[in-house]
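# Report on the structure
Chain by chain, the residues:
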Amino acid sequence: MEQFKTITPVHIATGNIIEIPSYHEINDTQVARYSFTDILSQMPANVLTNPSFLNELSRTNSSKKTLYKNIRNYVDYRKLNSLYTLDYTYNESLDDAGNDVSEQVNDLHHPYIPGSSIKGTLLNSWKYYLLKQNYEKV
């Protein structure tokens, strides 16, 4: 049985992290999600097997910037089939955001809250509201 993690009072994560390059802006208001393996399959083999690139990725304190930079340089998202599209109205571009995304529990690509957790979610929402309204007093 999978464990769920509360991200906000009403969003429940599955525990999976989606790499930010899996999302690509279609236009100013829409973003498409792609399979990360499809994205990597478009990268040239000589780039993926480059020893300096692999050493950089294997470092424990390594950031993913090198991988993401290579993805931006080599991947043509127009040649990939998207898994789904989302409306995106955030003010900054995905490249500037740079954070991986926690996957939410969803049903037909819409957030879904299991019935067994609604009571806990409502209680957490109420506590969050009280803390937010009374933050200065606490």
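For the structure given in this document, a descriptive report is provided here.

What counts and how
Residues numbered from 1 in each chain as written. Predicted model: local features only at pLDDT ≥ 70, side-chain atom pairs only at ≥ 80, totals over all residues. Heavy atoms only, no water. Helix = DSSP H or I, 4+ residues; strand = E, 2+ residues; numbered from the N terminus. Buried < 20%, exposed > 50% of the residue type's maximum accessible area, 1.4 Å probe, protein only. Contact = heavy atoms within 4.5 Å. Areas by Shrake-Rupley, 256 points an atom, 1.4 Å probe, with all protein chains shown as cover. Pairing = 2+ DSSP bridges. Core = buried A, V, L, I, M, F, W, Y, C linked by side-chain atoms within 4.5 Å. Salt bridge = Lys/Arg side-chain N within 4 Å of Asp/Glu carboxyl O. Axes fitted to C-alpha atoms, helices over the stretch in contact; angles between N-to-C directions. Patch = residues over 30% accessible without salt bridge, like charges linked within 9 Å, V, L, I, M, F, W, Y side chains within 5 Å. Parallel < 35°, antiparallel > 145°, perpendicular 65-115°, else oblique. Nonpolar A, V, L, I, M, F, W, Y, C, P; charged D, E, K, R; others polar.

With that settled, the discussion passes to the overall build of the protein. Scanning the protein from terminus to terminus reveals six helices and eight strands. What you see in the protein, going N to C, is helices and strands ordered as β-β-β-β-α-α-α-α-β-α-β-β-β-α. The buried share of the protein, reckoned over its 138 residues, is 24%. Excluding contacts between residues fewer than 6 apart, the proportion of contacts in the protein whose partners are at least 24 apart in sequence is 70%. On the protein, roughly 10,400 Å² of surface is accessible, and the fraction owed to carbon and sulfur atoms is 51%.

Pairing analysis gives three bridges linking strand β3 (residues 23-25) to strand β4 (residues 30-33), with the strands arranged antiparallel. Pairing of Tyr 23 across the sheet is with Arg 33, part of β4. Hairpin connection between β3 and β4: a loop of four residues separates the two successive antiparallel strands. Alignment of β4 against strand β5 (residues 84-87), held across four bridges, turns out to be antiparallel. From the neighbouring strand, Arg 33 faces β5, where its bridge partner is Tyr 84.

Right, let's get into the nonpolar core. Tyr 34, Ile 39, Ile 71, Val 75, Tyr 77 and Leu 80 are the most contacted members of the largest nonpolar core, which totals 13 residues. Take this core: its biggest share by element is three residues, from helix α4 (residues 65-74). Of all hydrophobic cores here, the second largest spans five residues; its members include Tyr 23, Val 31, Tyr 84 and Tyr 88.

One pass over the full model with this rule turns up one salt bridge. Among the salt bridges present, the one from Arg 78 reaches Asp 76, with a minimum N-O distance of 3.0 Å.

On to the sheet that holds β3, then. Ordered by their spatial adjacency, three strands build an open sheet running β3-β4-β5, and the pairing between neighbours is antiparallel. The open sheet has two edge strands, β3 and β5, and neither has a second partner. Strand-to-strand twist across the sheet, computed as the mean angle between neighbouring axes with direction ignored, equals 30°.

What follows is about the side chain of Glu 19. Turning to its location among the elements, Glu 19 is positioned in the loop between β2 (12-18) and β3. Those residues in contact with Glu 19, other than ones at most four positions away along the chain, are Phe 36, Lys 64, Tyr 68 and Asp 100.

In this section: a nonpolar patch on the surface. A cluster of nonpolar side chains, namely Leu 123, Trp 126, Tyr 129 and Leu 130, defines an oily patch on the protein surface of about 420 Å² accessible area. Within the fold, Trp 126 resides in helix α6 (residues 118-133).

It is worth spelling out the packing of helix α3 (residues 51-58) against α4 at this point. Their axes nearest at 9 Å, the elements α3 and α4 cross at an angle of 135°. Between α3 and α4, the angle is such that the two are oblique. Where α3 abuts α4, its residues Phe 53, Glu 56 and Leu 57 lie against Thr 66, Leu 67 and Asn 70. Class assignment of the residues belonging to the contact of α3 with α4 gives a composition of three nonpolar, two polar and one charged.

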